[in-house]
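# Commentary on secondary and tertiary structure
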Amino acid sequence: MFDKILIANRGEIALRVIRACRELGIASVAVHSEADADAMHVRMADEAICIGPNSSAQSYLNFPAIIAACEITGAQAIHPGYGFLSENQKFVEIVEEHGLKFIGPSAAHISQMGDKITAKDTAEKLGIPVVPGSKGGVATVEEALKLADDMGYPVIIKATAGGGGRGMKVATSRDDLEVAFRTARSEAKSAFGNDEVYMEKYLQKPRHIEIQVFGDGQGGGVHLGERDCSLQRRHQKVFEEAPGPSITAEERKRIGDICANAIAEMGYSGAGTIEFLYEDGEFYFIEMNTRLQVEHPVTEAIFGQDLVREQIRVAAGNKLSFSQDDLEINGHSIEVRINAEKLPNFSPCPGKITAYHAPGGLGVRMDSALYTGYSIPPYYDSLIGKLIVHGRDRAEALARLKRALGELIVDGVDTTVPLFHALLEEEDVQTGDYNIHWLEKWLDANMS
Ligand code: ADP
């Protein structure tokens, strides 16, 4: 096992990793930008090192500074959290070249899943059902028109290098296709420096269902069920739950086993998430994330497993500590993402926190790096906390979420908390009857 781990991240996820280290008896090293000198992860870690100025490019994405911080502190492994360097193949290679361990999958697996066309191809070969679409990239408008005519409208054009919901355009008929194709390409070019796009059938009312998987790179592969993350704004998740309200035990076993077998066959090591759209009882692969997800706590809640501890154990060369038969679902869990944003436009709202009080009690978990007097810097993501509740069933989880949101105090900045208060009053949210378009429609009707 490692003696010391460096956490190449900030905010709540850095705290999450520090907590796992502490329970394992491993020392933790925080890295931080100048803007984050007073951040909670810096205070909570055993050691902290400043790795650069405010911008992420010069700090949290600064390879040489992070490697040097490992060398100075004697950290043997790096946990990347999510975002930043967590899916950066080049970084993983450099980490390994320096004799350090990256807590995550191999560079080869990251790159295989990083490019969406290769990912889809790999998934298909592993027996995972995919969204019908182009075989590989689509280079010209003519090619796109021909494919769409064969496939039937609507279609979606997506960036091969895509992420964060960018570089995606829907065409509902032949008339929109040329514009959609050209816009997707130019967005892809400016966001990712790569204008390659591909085409998929556009599913009209799917749910976003993702399967949590874990491998140990030694033949072991399991799944930890699904999360339903259909409540999205601009393709970004805001409310996640496990188990999915629409998924039966048989469906979970069917798709879960396919994913677990794929992971074992790939020799994949660490945590991963295989994302699907789910419509009319069918699952369609869209992508795989080769890292820990923001919403991992809902899975931890219902399975009673510490996923970060497992990531660390597996990276240190251990086999998985649980088998598929050990994994049993207990109750229901919901997470809401609390952002420092001003409604109705969700504009970022950094600033000083004049009062902070986290909710508590049975089945309530608040993952946040806030404290009273803390100033949220304007340079990074606007996520300031995740409120996770666990109940014996979905109704209890919903009631607990309402109660916990009522206890939460975040004064000094605007947050997305009022959105959740309002959503909990909606019958469709109460019954779990929503798809990936539900929230956008609701926002149009209620917040514009
Ligand atoms: P990103 O990596 O940018 O997040 P994804 O491929 O994961 O892109 O898709 C993000 C979201 O976009 C999905 O959760 C879904 O809401 C929507 N989406 C993607 N592909 C399709 C499709 N074929 N049909 C309908 N919606 C889609």
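Refer to the preceding data block for the structure.
Residues numbered from 1 in each chain as written. Predicted model: local features only at pLDDT ≥ 70, side-chain atom pairs only at ≥ 80, totals over all residues. Heavy atoms only, no water.

### Considerations on the overall build of the protein chain
From N to C terminus, the protein chain includes 15 helices and 22 strands. Over its C-alpha atoms the protein chain spans a radius of gyration of 21 Å, differing by no more than 12% from the 22 Å that the globule rule assigns to 448 residues. Looking at the protein chain as a whole, 57% of its 448 residues qualify as buried. Considering only contacts within the protein chain whose residues lie at least 6 apart along the sequence, 66% involve residues at least 24 apart. Carbon and sulfur atoms make up 48% of the accessible area of the protein chain, which totals about 17700 Å². Once the 45 positive and 65 negative side-chain charges of the protein chain are each reduced to a mean point, those two points are 1 Å apart. (Helix = DSSP H or I, 4+ residues; strand = E, 2+ residues; numbered from the N terminus. Rg over C-alpha atoms; globule rule 2.2 N^0.38 Å. Buried < 20%, exposed > 50% of the residue type's maximum accessible area, 1.4 Å probe, protein only. Contact = heavy atoms within 4.5 Å. Areas by Shrake-Rupley, 256 points an atom, 1.4 Å probe, with all protein chains shown as cover. Lys, Arg positive; Asp, Glu negative; His and termini not counted. Charge placed at Lys NZ, Arg CZ, Asp CG, Glu CD.)

### Focus: helix α7 (residues 141–151)
Here α7 has its buried residues at V141, A144, L145 and A148. Buried residues along α7 cover an arc of 100° about the axis, so they all sit on one side. Along α7, exposed side chains directed more than 90 degrees from the buried face belong to E142, K146 and D150. The elements touched by buried residues of α7 are β6 (155–159), α8 (174–192) and β8 (197–201). Of the residues trailing α7, G152 is marked for its positive phi of about 90°. (Arc of directions from axis to C-beta.)

### What about the packing of helix α1 (residues 11–24) against helix α11 (residues 307–315)?
Geometry of a packed helix pair, given as the angle between the helix axes and the separation of the axes. With their axes 9 Å apart at the nearest point, α1 and α11 run at an angle of 65° to one another. Taken as a pair, α1 and α11 cross one another with a handedness that is right-handed. Of α11, the residues touching α1 (which contributes R16, V17, A20, C21 and L24) are L307, V308, R309 and I312. For the contact of α1 with α11, the residue count by class is seven nonpolar, no polar and two charged. (Axes fitted to C-alpha atoms, helices over the stretch in contact; angles between N-to-C directions. Left-handed = near helix turned anticlockwise from the far one by under 90°. Nonpolar A, V, L, I, M, F, W, Y, C, P; charged D, E, K, R; others polar.)

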